[in-house]
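Listed below, chain by chain, are the residues.
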Amino acid sequence: MPIYHHLGEIPEKRHTVFRKPDGELYAEELVSTHGFSSVYSLVYHCYPPTLVKAIRDPYDVSPKIAREKHLKHTSLKGFQVKPKADYLESRVPVLVNQDLHISLAAPMESMKDYFYKNSQADEVIFIHEGSGKLLTGYGEIPFKYGDYLVIPRGVIYQLEFDSSDNRLFIVESFEPIKTPKRYRNEFGQLMEHAPFCERDIKRPSNLKTYDEKGEYEIKIKKQGLIYPYLYATHPFDFIGWDGYHYPWAFSIHDFMPITGKLHQPPPVHQTFETNSFVLCSFCPRLYDYHPDSIPAPYNHSNVDSDEVLYYVDGDFMSRKSVERGQITLHPGGIPHGPHPGTVEKSIGQTKTEELAVMIDPFRPLMLTEQALELEDPDYYISWINA
C-alpha cells in the first residue's frame, strides 16, 4: 500500500538479541526492496531461512509468443480456459510485454504439496469466481469474489480454495504495484478525494507459527523458470514481523466511483499504478447529470498505450454481446469506441451496473500461443457488423 503493520512477537529494538523460550536465538531477516532504499519488513523466524536441502531441475514457464507485432483489435474468450487441478499449471499467460504478464487461471484444488514464490514480480490476483484464504508467513487474508490480492515479490504463499470453482485474472508486474500518487499526501496517506481509503485495505491477520522441520518444497519463479527448492523448515515459521512489505487485499466493490456532470475519463477509475502501466476498476455508478450528457464513452484513439479490458459482470452500455471473462485488447495507434446504436441508446440512462478491470500498458502487448486459442477472429469487424 504501504501501511506500517505488525503481527506476532518482535523485540523492542531491531537487530538485537531475541531469544526463544529455550534460549536459542530467533533468526532475523530483512526483506527489503530496491536494495535498502525502499519499503521493507523485518521478519523473525524460528529457524534461519537459508536451510536448503536440495534444488531440483528448473523448468520453463516462459510465455510462448505467437504474435509479437500486431495492429488489430482483439478479443479473447477468457472463460474458455479449461480448469486444471494444480494452481501453477492452471495459469495461462495471454498478453505480455517487458513490464507485465497477464494470465488467466481456473484452479480446482488448493495448494497443499508445495509453496510458491515469485521472486521478481509483484502479483495482483483478481478473484472473479471462488473464495478462500491467502496463506503466508505474514498471516492470512480471506478472499472472495471481487477481491484484488496484492502479493509483493518475494512473498512465499499458498492459496486455499473453498471449492473447485475458481476463476482468476492475474497480473505479474516487474515493477512495484502502488496506489495512485495523486491520491496520496506527502506522508503517503490516501486523501479525502481518493476513491478508496485505508479502511478498505485488508491486511494479514491470524499469524500462525509453524515451528516445524522436515522437507518443504517451494517453487520459486525467476526469469521464466521455476526452481523447485527443498527446504528443511516450514516457510511459515514466522514468530513475528513488522514493516511495510507484506501482502494485502482490496475489494473492487469498495471502490467509490468518481462521477461528474459530463463523461469522466478512465483515469478517475484508476486503482493501482506502476511506472509501466495503470490498472483501473470500472464499477456500478451513476451516470453524468448534465441534461444533454452522453453517458456512453466517446471514440478514442490510444496514441501511446494499448488498452486491455477484462469484463467481470453486468451490462456494458458501449458494447453488444459482452461475455463474462472476456478480454479485449485495443492496440495503441488505431481508434476504438462504442458499437453503433449504443451512443443513442445511452442518452437518458441514469446508471450502469458494469464491473470490469482495465489495464493500460505503456509498451505494446504481445499475444501468446494460448491467447490465439481463445481469440474471436471476427472481433475487429464487430463495429461494422453490429
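Since the structure is predicted, the reported quantities are computational estimates derived from the model, not experimental observations.

Visitor: Any chance you could explain the pattern of salt bridges here in plain terms?
Guide: Once the charged atoms of two side chains with opposite charge are near each other, the side chains can pair. Summed over all chains, the structure comprises 18 salt bridges. Across the pair Glu 172 and Lys 221 runs a salt bridge whose closest N-O atoms are separated by 3.0 Å. Placement of the pair is Glu 172 in strand S16 (residues 167-173) and Lys 221 in strand S17 (residues 213-222), with a sequence separation of 49 residues. Residue classification places Glu 172 among the buried residues on the basis of a relative accessible area of 3%. With its nearest N and O atoms 3.9 Å apart, the salt bridge here joins Glu 353 to Lys 351.

Visitor: Explain the sheet that holds strand S26 (residues 326-330) here, please?
Guide: By way of backbone hydrogen bonds, the strands of a sheet pair with one another, either parallel or antiparallel. Ordered by their spatial adjacency, six strands build an open sheet running S7-S26-S25-S29-S22-S21, and the pairing between neighbours is antiparallel. Of all strands in the sheet, those bounded by a partner on one side alone are strand S7 (74-77) and strand S21 (270-273). Each strand axis lies, on average, 20° off the axis of its neighbour in the sheet, ignoring direction.

Visitor: Sorry, what's going on with the environment of His 263 here?
Guide: Inspection of the secondary structure puts His 263 in the loop between strand S20 (248-251) and S21. Given the relative accessible area of 23%, His 263 is considered partly exposed. On a C-alpha basis, the gap between His 263 and Glu 24 in space is 63 Å, while along the polypeptide they are 239 residues apart. At 3.1 Å, the side chain of His 263 forms a polar contact with the backbone oxygen of Pro 295.

Visitor: Help me understand the sheet that holds strand S3 (residues 40-45) in this model?
Guide: Spatial ordering of the open sheet is given by S1-S19-S3-S2, a layout of four strands whose pairing is antiparallel. Lying at the two open borders of the sheet, with one neighbouring strand each, are strand S1 (5-8) and strand S2 (27-32). Put simply, the sheet's adjacent strands are angled 15° from each other on average, direction ignored. The sheet contact formed by S1 and strand S19 (residues 238-243) spans four bridges and is antiparallel. Residue pairing for S19: His 5 is matched across the bridge by Gly 243.

Visitor: So what exactly am I meant to see when it comes to the packing of aromatic side chains here?
Guide: The description of two aromatic rings rests on the distance between their centres and on the angle between their planes. Per the counting criterion, the structure on display carries 20 aromatic pairs. Ring geometry for Phe 196 against Phe 255: centres 6.2 Å apart, planes inclined by 40°, an arrangement best described as tilted. Within this pair, whereas Phe 196 is found in the loop between S16 and S17, its partner Phe 255 is found in the loop between S20 and S21, the two being separated by 59 residues in sequence. Of the two residues, Phe 196 and Phe 255, neither departs from the other in class, the shared state being buried. Lying across the ring of Tyr 183, Arg 182 places its NZ or CZ 4.7 Å from the centre.

Visitor: Even after reading the chapter, I still don't get the environment of Gln 349, so can you show me in this structure?
Guide: Along the polypeptide, Gln 349 turns up in the loop between helix H2 (342-346) and strand S28 (351-352). Each C-alpha atom of the pair Gln 349 and Pro 265 lies 18 Å from the other, and the pair is 84 residues apart in sequence. Discounting chain neighbours no more than four positions away, the residues touching Gln 349 are Tyr 287 and Pro 295.

Visitor: Where do I start with the nonpolar core in this structure?
Guide: A general feature of soluble globular proteins is that nonpolar side chains tend to end up buried together. With 69 residues, the main nonpolar core has Tyr 87, Val 94, Ile 125, Leu 159 and Phe 169 as its most contacted residues. If we ignore the near neighbours within four places in the chain, the residues touching Val 94 are Leu 76, Ile 102, Ser 103, Leu 104, Ile 327, Met 366, Leu 367, Thr 368, Ala 371 and Leu 374.

Visitor: Help me out: how do you make sense of the state of the cysteines in this one?
Guide: Between two cysteines, a covalent bond joining their sulfur atoms is known as a disulfide. In this structure the tally under the stated criterion is zero disulfides. There is no disulfide at Cys 280, and the cysteine sulfur nearest it, in Cys 283, is 10 Å away.

Visitor: Would you mind going over the side chain of Asp 242 with me for this structure?
Guide: Tracing the chain through its elements places Asp 242 in strand S19. Among the polar contacts listed, one links the side chain of Asp 242 to the side chain of Tyr 4, at a separation of 2.8 Å.

Visitor: So what exactly am I meant to see when it comes to a nonpolar patch on the surface here?
Guide: A cluster of nonpolar side chains, contributed by Leu 30, Phe 36 and Tyr 40, occupies part of the molecular surface with about 330 Å² of accessible area. Here Tyr 40 shows up in strand S3.

Visitor: Is there a simple way to think about the pairing of strand S12 (residues 132-136) in this case?
Guide: Side-chain direction in a regular strand flips from residue to residue, so the side chains alternate between the two faces of the sheet. Most of S12 sits out of view: four of its five residues are buried. Taken together, the five bridges between S12 and strand S13 (residues 139-143) define a ladder with antiparallel strand orientation. Paired with Leu 134 across the two strands is Ile 141, which belongs to S13. From the end of S12 to the start of S13, which pair antiparallel, there are two residues. Strand direction decides the pairing type here: S12 and strand S15 (residues 156-161), joined by five bridges, are antiparallel. The residue of S15 that forms the bridge with Thr 136 is Tyr 157.

Conventions and cut-offs
Residues numbered from 1 in each chain as written. Predicted model: local features only at pLDDT ≥ 70, side-chain atom pairs only at ≥ 80, totals over all residues. Heavy atoms only, no water. Salt bridge = Lys/Arg side-chain N within 4 Å of Asp/Glu carboxyl O. Helix = DSSP H or I, 4+ residues; strand = E, 2+ residues; numbered from the N terminus. Buried < 20%, exposed > 50% of the residue type's maximum accessible area, 1.4 Å probe, protein only. Pairing = 2+ DSSP bridges. Axes fitted to C-alpha atoms, helices over the stretch in contact; angles between N-to-C directions. Polar contact = N/O pair within 3.5 Å; in protein donor to acceptor, adjacent residues only side chain to side chain. Phe/Tyr/Trp six-rings, centres within 6.5 Å; stacked < 30°, edge-to-face > 60°. Lys NZ or Arg CZ within 6 Å of the ring centre and 35° of its normal. Contact = heavy atoms within 4.5 Å. Core = buried A, V, L, I, M, F, W, Y, C linked by side-chain atoms within 4.5 Å. Disulfide = S-S within 2.5 Å. Patch = residues over 30% accessible without salt bridge, like charges linked within 9 Å, V, L, I, M, F, W, Y side chains within 5 Å. Areas by Shrake-Rupley, 256 points an atom, 1.4 Å probe, with all protein chains shown as cover.

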